[in-house]
Structures are given as C-alpha cells and as structure tokens.
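Coordinates in review
So the chains spell out like this:
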Amino acid sequence: MSDGALIPLPPPPGVFDEMLDPAANPRPHYARYAQWLASMPAEQMAGKRGEADLIFRRIGITFAVYGEEGGTERLIPSDVVPRIIAADEWARLERGLIQRVTAINRFLADIYHGQEILKAGLIPEEQILTNAQFAVAMIGMKVPRDVYAHVVGVDLVRHGNGSYYVLEDNLRVPSGVSYMLSNRKMMMRLFPDLFGHYHVRPVEHYPALLLQTLRAAAETDSPTVVLLTPGRYNSAYFEHAFLAQQMGVELVEGQDLFVKDACVYMRTTDGPKRVDVIYRRIDDAFLDPLAFRPDSMLGVPGLLAAYRLGNVVICNAVGTGVADDKSIYPYVPEMVRFYLGEEPILNNVPTWQCRRPDDLAHVLAHLDELVVKEVHGAGGYGMLVGPTSSKEEIAAFRDRLLADPGNYIAQPTLALSSCPTFVEEGLAPRHVDLRPFVLFGREVRIVPGGLTRVALRRGSLVVNSSQGGGTKDTWVVDADAPGAPAPAAG
Amino acid sequence: MLSRVASHLYWLSRYLERAENMARILDVGASLALLSGRGDPQAANEPLVITDALEAFRAAGRPATPDAVARFLAWDQAYPSSIVSCLAASRENARSVRGSITSEMWENINDTWLQLSAKRRAGAEPIDSAFFDWVKERSHLFRGITFATIRRDQPYQFVRLGTFIERADNTARILSVKQARRQAATGDGLTDYYRLSAVLRSVSALEAYRDIYRDAIDSRRVSEMLIFDPTVPRSLRFCFDEVVRILEQLPQAPARAARRLAVHMHALLEHGALEDVDAVGLDAFLKRFLANNVRLGDAVHAAYMEMK
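No experiment lies behind these values; they were computed from the predicted model shown. (Residues numbered from 1 in each chain as written. Chains lettered and ligands numbered in written order. Predicted model: local features only at pLDDT ≥ 70, side-chain atom pairs only at ≥ 80, totals over all residues.)

1. Structural notes on the overall build of chain A
Helix and strand counts for chain A stand at 14 helices and 23 strands. The C-alpha radius of gyration of chain A comes to 23 Å, within 12% of the 23 Å expected for a compact globule of 490 residues. Its C-alpha atoms put chain A at 70 × 60 × 50 Å along the principal axes. A burial count over chain A gives 46% of its 490 residues as buried. Contacts in chain A between residues at least 24 apart in sequence constitute 70% of all its contacts with a sequence separation of at least 6. (Helix = DSSP H or I, 4+ residues; strand = E, 2+ residues; numbered from the N terminus. Rg over C-alpha atoms; globule rule 2.2 N^0.38 Å. Buried ≥ 20, exposed ≤ 12 C-beta atoms within 10 Å, placed from the backbone. Contact = placed C-beta atoms within 7 Å.)

Put into structure tokens, the structure is as follows:
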C-alpha cells in the first residue's frame, strides 16, 4: 500500500457505487466524508483498523463458523469506511419496509385464519398447505394484536442502476443487529471528530425499542420478558447475551424454563418466576420437544400448549417461516396489493421457481448466468452463483437441481452495489447489501440504517459472515446545512 | 436470578481461585527446591499430593521430575485441575453468563485466556515464577475489577461464595500436607524453617505471621494462624466469616441445610482454639474440615443451583 492520502478506486463498469458517481466524483451525501478522507493518511487509517480489530477481539465480538476446525471463534471484520445513505433515500426505504412488513403480518394472520388470499386464487393452495414451514398448530389460534413477525431483518441489495431490491425477508430469528450497534460504537470511538461534524442519525436506542416491542407483544401489564438462546455454542450467542444485557432481561436456555399448569416459569435462586413473553432466538423445530422435534435439548416441554392457551407470548410467533420461504417470496408484492390495496414501494428480484417446468427449463439453460438457491437455505450455504462458478461446479449443481427441482429457485445475478472498503490494496470497491431491522409492536419502528454487510474478497457477491464477509457502520445523514465547514482529519 | 446463572458465576470464581492456588503451590514448590537443594525425592511429588493429583499424574505416564510435575499441573489440558484447564473452565462459565457480569469482568477473563493462549502458541509453556506471578496477578485483577464494577446483588454474592469455599479448601490442603511432611522429617532446624516459610508464602501470609507473632516461625503458630486468625485473608476462619456473611445475603428459604452446616463450621473456627485441634490431631481436624467443606459445596448447589 502506498503512503499518502486515500483515494477511493472506482468500481468495475456496470456496478453502482455508493460513494462515487459514474464520473468517479463523490455523490452529494458523501462529499464531506470524501473531503475528510482525502486528508487522512493511509497509515493512520491502517492504525485505526488495527485498533478496531484489537478492541473487537477483546470485547469478544466473535462469530462461530460452522464446520471449521478450530474456527469456533472468528472475528467478523469491521471495515472503517462507513456506508452512507442520504436522508431522503432512507425515508423512501422506511416507507417501503413498513408497507412490506405490514402486508406480511396481514398475510400470516390470514393464512392461519380465513385464508382469503388462497380463496382469491393469488397463491396456489398447495404452496402454503404443503409447505414445511406452515405450522398446523397455529391454525385458528389468536395472537395478540395479530402480530406474528415482531422482529424482521429485510435484506436489500442495489442493482446497477441504483434501485433497491428486496432479496429476502427474514421473519424467523434474524440476527446481526449487535454488529450494527458495535460498529457504531467503534466508529464513534475511532473517529469522534467525524461524528462531531456529521449529522449521523443515532441507532443506539435499538435495544430500548426492542424491549418496548416485546412488552407490547403481551396483553398483560408489566410483563416479564426473557430472551431464549440455544446457548453459548450458537453462532449468534454474543448477540443474544448482548441484547439481553442491554434490555435488562434474563438470558435463558431451555433448561431454565419449565411449564406447570400450562404456564411458563423460570428457575431462579428465589424459586419459580412466571414468564410472559419469550423473545426466542431458536427455530420453531426446537421450541418444544413434545410438539416438534423430540430430540431437541434446546426447548421447553409443554411450551406450545401454554402458548396455544395464550399464557405466554412467543416472538416471533410460531409459523412465520411460511412467509419468508423462498418459494413464497415471489408472492409478497401480491400480498401488498391484496391486503393494503397499495402498489409495493420496494421491488422484488425476478424469481424463477424451479418447481414449474417452464421456469426449470429456463434455469437449466442459463445456469452460468443465474444465482440458484435452496428454498429453505440460509447463510449462503447450498447456493450456486453461476457467473463465478467453474464448469465442474455448475455440472455438479445441475445434478442436485434435477434431483429435486422443487427445492430450488433462481434469480438473475444482481450486480450488487459497491462501497469503498479499506483493504490491502487501499480503498477498493467491495460489494455490499443492507439489512434494516424492523420492529413491529404497537407501531412499526426502524432505527435508521441497519447492518451493511460487505464481501471482502474482490469480486465476491457473497456477503455472509460465514463466507468471509465483513460489516460496515451504516449512516443515515441529514442533508448538509449550507455553508457548513468540512471536517479535517486530525 | 436464574439458578443456572448462579451456578456459572459460582464455578467461574471457583475455577479462577483454583488456578491461582495451583500457581501458588507450584511457585513455592519451585523456590523451595532451589533453596533446600537436592536429595529429597518426595519434594517433587508434593504439589501432586496437595492437589490430589498423584493418580492422574501416574496415569499420564510422565517421569516424576519437578519440571514434569509442574508442567503437568500447569499446562496439561487433559487434567481438569491444571492451571490451563481451570482458566479455560472459568472463561467458559463466564461466557455463559456474560449478561450477568459487567463487561469489564468479562473482558478481563477473556483477555486472560487470550494471553494464556498466546503463551502456549509461542510454544513456551513456562513454569517459572514469572508465569505463576502472572496467574496470581490475573486473579487479583479479576477480584479487583469485580469489587469495583459489579452491583452488590446476587451475582456478586455467588462469585464471592465460589472464591471462599475454594480458598478454604486450598488452605486446608496445603496445611495438611506440609505439616504432615514436616512431622515425618527429622528435626533439622534449617529445613524446618524453609518448609514453614514456604507454607506461609504459598498463602501470602509470611508478613502477616511476622506482624502477629514477631517471633521465630513455629509450626504450631503457623497452624493456629491459618486456621483461627480472623484477619489473615486466606485463613479458614476468614473464609468462613465471608461464607456465613454471604449466605445471610442470599435467599434464605431454599438454603436451610447449607446455612446450618456453614454456621456450625464457622462456630468451630470462631470459638475454637489450638487445643481442639490437638484433641483430635491436626491431620484428622483438617480432614474433617475438608469433608465438611465438600458437603457445604453440595448443599449450596442443592439450594440454589440445581435444575430440578
């Protein structure tokens, strides 16, 4: 890396860059940051990055990577260059997210009750009723205020022309919010001068909003809320502990809870204590060994029975997975129209459903151009990125696809926008996505921004932390006051 | 407070205290070997006897040299009471309850583990005084951070409870083995002096002895001080002053058996004297104390930590 000032490198053709316009000039909402960056010596930036790594490791913000020998505690790299979103653009995203998550909650209430959307013929009945994520136990059960998905992490990407697309709606146990909060804390510690000059909207109140949302999920006064974790070997355990501490609620494991007379209690040093709301960070299948997987050691026997009687609230509700399944995803724009009578503000990525013969034929003919995903997959596992895969990889994937077409969907390979990222070669463009966190309580709240994930390998489009991704602090900035002085690097 | 959390807090501090005690025993063993010269083959085994590790060491099939013993007790990952195993267990317990301790406490324990791992990666596996001092310092630091940062609530009490039950166990063991060996040895005044001062140094009480008795080191007084003195922080009496006080702060209803036993043990230490020890013999007295201490640990578990 050469000494001197940091100049961001332009992205490859056809890629939308968050910071640079096609003429390689900073976009207006990045102008002040670019000015500051230009006065920042590269070695000083490298020093800051080293400092950040050290603090992250010491605080223990680590992420477990499955199937990696000795890699049970890897640091998720946090980049020192923020991803910045202009306030007006954020306002539009926020409206789109609220609309989308509202429609999804209406959809969930509908399919577990009247099933109007199926009667209207908008979604094939068998797509829902035979879906592995459709929870028969939820049929006809009333949940407070008809809210099913209380905490949602919507993954957004940006195409070459700069428009946003929803890649997936994570409605089960979305994670990553602790990285959003840690990144902000770290950036404020490393670059206090920047925050002094920039009007970055705060995100630190997320845990308070989450607690409000969870409390609002119960119909009782001053409910006791707990966070249910699979335990310290789970990859997101740091986040579970962090959120529980920030909210001031107990972090419980399945063995800490028990059900008596259809009510849920936790075992404490003072004896049993009643639990009203469970913010669960374990999947449906592990919640209750009596109702779901009998081999689950993580859950609480009898929990579902207590839940069905309305004696405890589970957040997110059981059975939300049927709405974020990749085979249902293509219908979300229809849900917005059907339940809200509005046109969707956020786009869906065009999706081929391999269970349909026509779609399958198209996908097989274009495997080298498409991204093919498992319907129930997550975390970047079990997917094919056509353009970056070898002939052998494509051939092997073709066999798997043909063996079980219904298990796959395909989408065009989106270019994914890039953002300057501090790597070995300097400030190079790396692909990013965005996961805002939507909280659905008495009202819908979203802290400005969310988690930006970045693919640190050059050219890579996979941003998952399990696949070598990192994260960035995400800023929503208000427009500059005219004539405000630009900050200078200290 | 969750029963499981109470258990993790209690064990996190017990393991840390155990690591510290192991470092103390090994440190004194090493310096004693230097001072007293060669010619005492049993000296090498002594740390194993104190920590009940003879069988495990023999099973590991290593030569019975002082270095091999120290390396085993400090660095053997397969032996659950080695320093490295204790620090690992302490951190695992802490990790499970990060939400119930302060971030400073967690960062300290995590940092201890990272430094230990770095030492091991460097291939060093040191068994010198500098390493044992480091272990003691990390333990001191954790107690200081705990004292300075955590709310005086149940989590604090369980951390302290683990410390003092473990510490009482350790002091009783050191005293029992060192005194038994001393009695067996012939009356060589110089060796005797080194043995006794080693006992005192291993529990950071050499200066305390001088302050209290202002006289030559005498074996009966060493026993008296480490059993009955209320001002020496590693004496049995001091540990049980703390244990009884802590149990008073915790919920009373589930802990009747534990409190009854603790108060009984405390009364023997508070109102007892060396004559009571003489009546049964030091060895028998300490053996009974150790057995009761184990029972107390079980009773505390049953009261607060069991997942019924």
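2. Considerations on the sheet that holds strand β8 (residues 257-260) of chain A
All names here are of chain A. In spatial order, the strands read β8-β9-β10; together these 3 strands make up an open sheet with antiparallel pairing. Looking at the sheet topology across the chains shown, the edges are occupied by β8 and β10 (271-274). Averaged over all neighbouring strand pairs, the angle between strand axes comes to 45°, with direction disregarded. (Pairing = 2+ DSSP bridges. Axes fitted to C-alpha atoms, helices over the stretch in contact; angles between N-to-C directions.)

3. Some remarks on the interface of chain A and chain B
Facing the 18 residues of chain A at the interface are 18 residues of chain B. At the level of secondary structure, the elements contributing two or more residues to the side of chain A that touches chain B comprise α2 (42-59), α9 (237-247), β7 (250-252) and β9 (263-268) of chain A. In terms of residue class, the side of chain A that touches chain B is made up of 6 nonpolar, 5 polar and 7 charged. (Nonpolar A, V, L, I, M, F, W, Y, C, P; charged D, E, K, R; others polar.)

4. Notes on the domain arrangement of chain A
Partitioning chain A into structural domains gives domain 1 (205-315) and domain 2 (350-412). Put simply, the middle of domain 1 of chain A and the middle of domain 2 of chain A, counted by C-alpha atoms, are 37 Å apart. (Domains from an automatic or database assignment.)

5. Here's the deal with the environment of Met-187 of chain A
Residue and element names in this part refer to chain A. The residue Met-187 is located in helix α6 (residues 177-190) in this model. Sequence separation between Met-187 and Ala-52 is 135 residues; the distance between their C-alpha atoms is 8.5 Å. Excluding its chain neighbours within four sequence positions, the residues that come into contact with Met-187 are Pro-82 and Asp-473.

6. A look at the domain arrangement of chain B
Residue and element names in this part refer to chain B. Along its sequence, chain B is carved into domain 1 (1-150) and domain 2 (156-308). With centres defined by C-alpha atoms, the gap from domain 1 to domain 2 works out at 20 Å. Listed by partner, the interface residues are 23 residues for domain 1 and 23 residues for domain 2. Elements supplying a minimum of two residues to the side of domain 1 that touches domain 2: α1 (3-36) and α2 (41-50). In terms of residue count, α1 provides more of the side of domain 1 that touches domain 2 than any other element does, 18 residues in total. Split into classes, the residues belonging to the side of domain 1 that touches domain 2 amount to 11 nonpolar, 6 polar and 6 charged.

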